[in-house]
Amino acid sequence: MKLMKYICQQNSTGLFLGMTIPIVTIVHTNQNRSELLPGVTTAYYIPTHFQHQVPQPFDADIVIDELPARIIYTRSFNGITNEDSILQEINRLAEDLDSPELYLQDTFIVAGYNNPADPNRRNEIWFIQRP
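Residues numbered from 1 in each chain as written. Predicted model: local features only at pLDDT ≥ 70, side-chain atom pairs only at ≥ 80, totals over all residues. Heavy atoms only, no water.

(A) Layout of the overall build of the chain. Scanning the chain for helices and strands turns up two helices and five strands. Going from the N terminus to the C terminus, the chain shows its helices and strands as α-β-β-β-α-β-β. C-alpha extents for the chain along the principal axes are approximately 45 × 35 × 25 Å. Put simply, the chain has 131 residues, and 38% of those count as buried. Taking all contacts inside the chain whose residues are at least 6 apart in sequence as the whole, residues at least 24 apart take part in 66%. Within the structure as shown, the chain displays about 8300 Å² of accessible surface, and the carbon and sulfur contribution to it stands at 53%. Here the chain holds 9 positive side-chain charges and 15 negative ones, and the gap between their average locations is 3 Å. (Helix = DSSP H or I, 4+ residues; strand = E, 2+ residues; numbered from the N terminus. Buried < 20%, exposed > 50% of the residue type's maximum accessible area, 1.4 Å probe, protein only. Contact = heavy atoms within 4.5 Å. Areas by Shrake-Rupley, 256 points an atom, 1.4 Å probe, with all protein chains shown as cover. Lys, Arg positive; Asp, Glu negative; His and termini not counted. Charge placed at Lys NZ, Arg CZ, Asp CG, Glu CD.)

In structure tokens form, the structure reads like this:
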């Protein structure tokens, strides 16, 4: 909820920043991708009209970071996102790709495109190409 507070006026401009999609969550797994490790990062795309002067958060836990351009491999899925569904989709995409040398093995991104409470939520799993 800290990110939502930042988006909803708890920032140096005092303005509602507006929603952009997707909201992404960076997750890490153990070596055999059977469990998610503690600690995730949730990220939000700063709207274009704020990018020249990004509003600064009041909360020190919120960090403004620019992610570099990258190649991702993705798989779409609908429904809720929880540990089981995320792991299942990670393993499905890994099986579909069948080329583990192409992507990072322990860091994955879950992209959500609509309300998390929507039972038919549109989501994606992203694999990050190895540098």
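(B) Structural detail: the environment of Asn114. For Asn114, the position within the fold is in the loop between strand S4 (103–112) and strand S5 (122–129). Taking the C-alpha atoms as reference, Asn114 lies 24 Å from Pro55; in sequence the two are 59 residues apart. Those residues within four positions of Asn114 in sequence are excluded, and the remaining contacts are Asn120, Arg121 and Arg122. Looking at Asn114, its side chain comes within polar contact range of the main-chain nitrogen of Arg122, at 2.9 Å. (Polar contact = N/O pair within 3.5 Å; in protein donor to acceptor, adjacent residues only side chain to side chain.)

(C) Broad picture of the packing of aromatic side chains. Counting across every chain of the model gives two aromatic pairs. Summarising the aromatic geometry, the rings of Tyr103 and Phe127 are spaced 4.5 Å apart at their centres and angled 50° between planes, so their arrangement reads as tilted. Within this pair, whereas Tyr103 is found in strand S4, its partner Phe127 is found in strand S5, the two being separated by 24 residues in sequence. Its relative accessible area of 0% is what places Phe127 among the buried residues. Note on Phe108 and Phe127: the rings are 4.8 Å apart at their centroids and 55° apart in plane angle, and the pair reads as tilted. Residue Phe108 is located in strand S4, and its partner Phe127 is located in strand S5; the two are separated by 19 residues in the primary sequence. (Phe/Tyr/Trp six-rings, centres within 6.5 Å; stacked < 30°, edge-to-face > 60°.)

(D) Summary view of a nonpolar patch on the surface. Together, Met1, Met4, Phe16 and Met19 make up a nonpolar patch on the protein surface, roughly 460 Å² of accessible area in all. Among the secondary structure elements, Met4 is positioned in helix H1 (residues 2–7). (Patch = residues over 30% accessible without salt bridge, like charges linked within 9 Å, V, L, I, M, F, W, Y side chains within 5 Å. Salt bridge = Lys/Arg side-chain N within 4 Å of Asp/Glu carboxyl O.)

(E) Representation of the sheet that holds strand S3 (residues 72–78). Taken in spatial order, the five strands make up an open sheet running S2-S1-S4-S5-S3, and their pairing is antiparallel. Of all strands in the sheet, those bounded by a partner on one side alone are strand S2 (41–43) and S3. Neighbouring strand axes in the sheet, compared pairwise and without regard to direction, differ in orientation by 25° on average. Across six bridges, strand S1 (residues 23–28) lies against S4 in antiparallel orientation. Of the residues in S4, the one forming a bridge with Ile26 is Ile109. (Pairing = 2+ DSSP bridges. Axes fitted to C-alpha atoms, helices over the stretch in contact; angles between N-to-C directions.)

(F) Layout of the nonpolar core. Val27, Ile86, Ile90, Ile125 and Phe127 are the most contacted members of the largest nonpolar core, which has 14 residues in total. In terms of residues, this core owes the most to one element, helix H2 (residues 83–97), which gives five residues. If we skip the residues at most four places from it in the chain, Val27 touches Leu36, Val40, Ile86, Ile90, Asp106, Thr107 and Phe108. Counting residues in each nonpolar core, the second largest holds nine residues, with Ile7, Leu17, Ile46 and Phe50 among its members. (Core = buried A, V, L, I, M, F, W, Y, C linked by side-chain atoms within 4.5 Å.)

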